[in-house]
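Understanding the architecture of this molecule
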Amino acid sequence: MVKELGVSYYGFHYPDRAEEDFLEIIDHNCNAVLLAVSEYDYNIWYPNVVKIAQIAKNLGLTVYINLWAFGKVFGGEPPSVFLQNNVNNRQVLTKELPFLMVGACFNTEGFRKYFFDVVSKFASEEVFDGFFWDEPHYIITDSREIYGCVCPRCRELFKEQYGYDMPEKANANVFEFKEKSILGFLQESSKTVKEIDGKKSVTVCLMPFFTAEEQGASWEKVCSIKELDVFGTDPYWSIVQKDMDFVAKVSEETVRLTRKYGKKSQLWIQGFLIPAGKEEEVREAGRIIGKSGVDSVFTWAYRACEGSIVESANPKKVWSIIKEVYAELKK
Ligand SMILES: [Zn+2]
């Protein structure tokens, strides 16, 4: 039996309409919801975000908040208001890529203040049961040849710590420095939550790569953050062209590591971008994840992202499979 079953939910703006959606989410065997709040939502719709969270709570759902794609260093599609207004706080790569990739730098005072202020504001709202740090990462480049961030602030900090200038190609010190930067950022964010309201939980979800070189921080190091309650990952097999063995392996490793560090575990089912004819894989992945001994299972996202750029080919079919597989996991 899996104790917690949920979906992420986004694009909401009116409490009465959201209530209908939450009832549908409950009908799909969920007892939790993750509100994915973008910078647009935060800047424009703050009062209703809080009201909508309260509606979910009143219906008995556990309510988590995901500061979705903030600064583009957390996972997700939404644009960043911060980056638009603060080009000087962008990550700088050692060489320009043929296409523009942007993200705020974890080490700049501007981004740190902005993000921690947002965290403080939401942490002061009693309605939220927990915070979710979604795939924190540096701009992803494919090699050691081109890397970031080498902005003036990072160069300054690196030199202070290692006694030489940031190298042209990434080396072990660079990976260590980047890992320390992400860990420090996550720790500060988590501490901010706990200091304001110790009852709120903190979850971090990393991409299903294990090392610091692959995504900035290793699973092991992130899992050992003191303030962290739940560690999870999202083995979205279809978008990385992997199979169910990948889902099984990643699930086992998540549960093993969380037990080692005394944390709760969370695994995500891919409900978006499921190609036509592959819908049954969602059930299969759900069953594999359910058997792993995990504490919490979520799916991205409500209604299989119907109508968004990441919708599944047959969103209604995927959404009904999620309902069915959740019914199995609930038992
Ligand atoms: Zn930087």
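Up top is the structure.
A short tour of the structure in this document, coming up.

**Some remarks on the coordination of the zinc ion**
Taken together, Cys105 (SG), Cys149 (SG), Cys151 (SG) and Cys154 (SG) make up the full set of protein donors to the zinc ion, lying 2.2 to 2.3 Å away. Seen from the zinc ion, its 4 donor atoms lie at angles of 97 to 116 degrees, and the figure they make is tetrahedral. When the donors of the zinc ion are listed by position in the chain, the intervening gaps give C-x43-C-x1-C-x2-C. Placement of the pair is Cys105 in the loop between α3 (81-85) and α4 (109-123) and Cys149 in the loop between β4 (130-134) and α5 (152-162), with a sequence separation of 44 residues.

**Looking at the environment of Pro152**
Along the polypeptide, Pro152 turns up in helix α5. When the C-alpha positions of Pro152 and Val255 are compared, they lie 39 Å apart, and in sequence the two are 103 residues distant.

**A word on the pairing of strand β6 (residues 230-233)**
With burial as the criterion, each face of β6 is covered, one bearing Val230 and Gly232 and the other bearing Phe231 and Thr233. In this structure, strand β5 (residues 201-206) lies alongside β6, joined through 4 bridges in parallel fashion. Its bridge partner being in β6, Val204 is matched across the sheet by Phe231. Traced from β6 through helix α9 (residues 244-261) to strand β7 (residues 264-270), the parallel crossover comes out right-handed.

**Comments concerning the environment of Ala56**
With respect to the helices and strands, Ala56 occurs in helix α2 (residues 39-58). When its relative accessible area of 0% is taken as the criterion, Ala56 is described as buried. When the C-alpha positions of Ala56 and Gly103 are compared, they lie 31 Å apart, and in sequence the two are 47 residues distant. Not counting chain neighbours up to four residues away, the residues in contact with Ala56 comprise Phe22, Val33, Leu61 and Val63.

**So, α4**
Note: α-helices contain 3.6 residues per turn, so residues at a spacing of three or four share the same orientation. Across its 15 residues, α4 extends 21 Å between first and last C-alpha, which sits within 8% of the 21 Å expected from 1.5 Å per residue. Within the sequence span of α4, burial applies to Phe111, Arg112, Tyr114, Phe115, Phe116, Val118, Val119, Phe122 and Ala123. Summarising the contacts, the buried residues of α4 are in contact with β2 (32-37), α2, β3 (62-67), α3, β4 and α6 (172-196).

Each value, and the rule that gives it
- Residues numbered from 1 in each chain as written.
- Predicted model: local features only at pLDDT ≥ 70, side-chain atom pairs only at ≥ 80, totals over all residues.
- Heavy atoms only, no water.
- Donors = N, O, S within 2.8 Å, 3.2 Å for Na, K, Ca; no water.
- Tetrahedral: all angles 85-135°; square planar, octahedral: opposite > 155°, others 65-115°.
- Helix = DSSP H or I, 4+ residues; strand = E, 2+ residues; numbered from the N terminus.
- Buried < 20%, exposed > 50% of the residue type's maximum accessible area, 1.4 Å probe, protein only.
- Pairing = 2+ DSSP bridges.
- Right-handed = clockwise from strand over helix to strand, strands pointing away.
- Contact = heavy atoms within 4.5 Å.
- Expected span 1.5 Å × (residues − 1).

The values reported here are purely geometric and, on their own, carry no functional implication.
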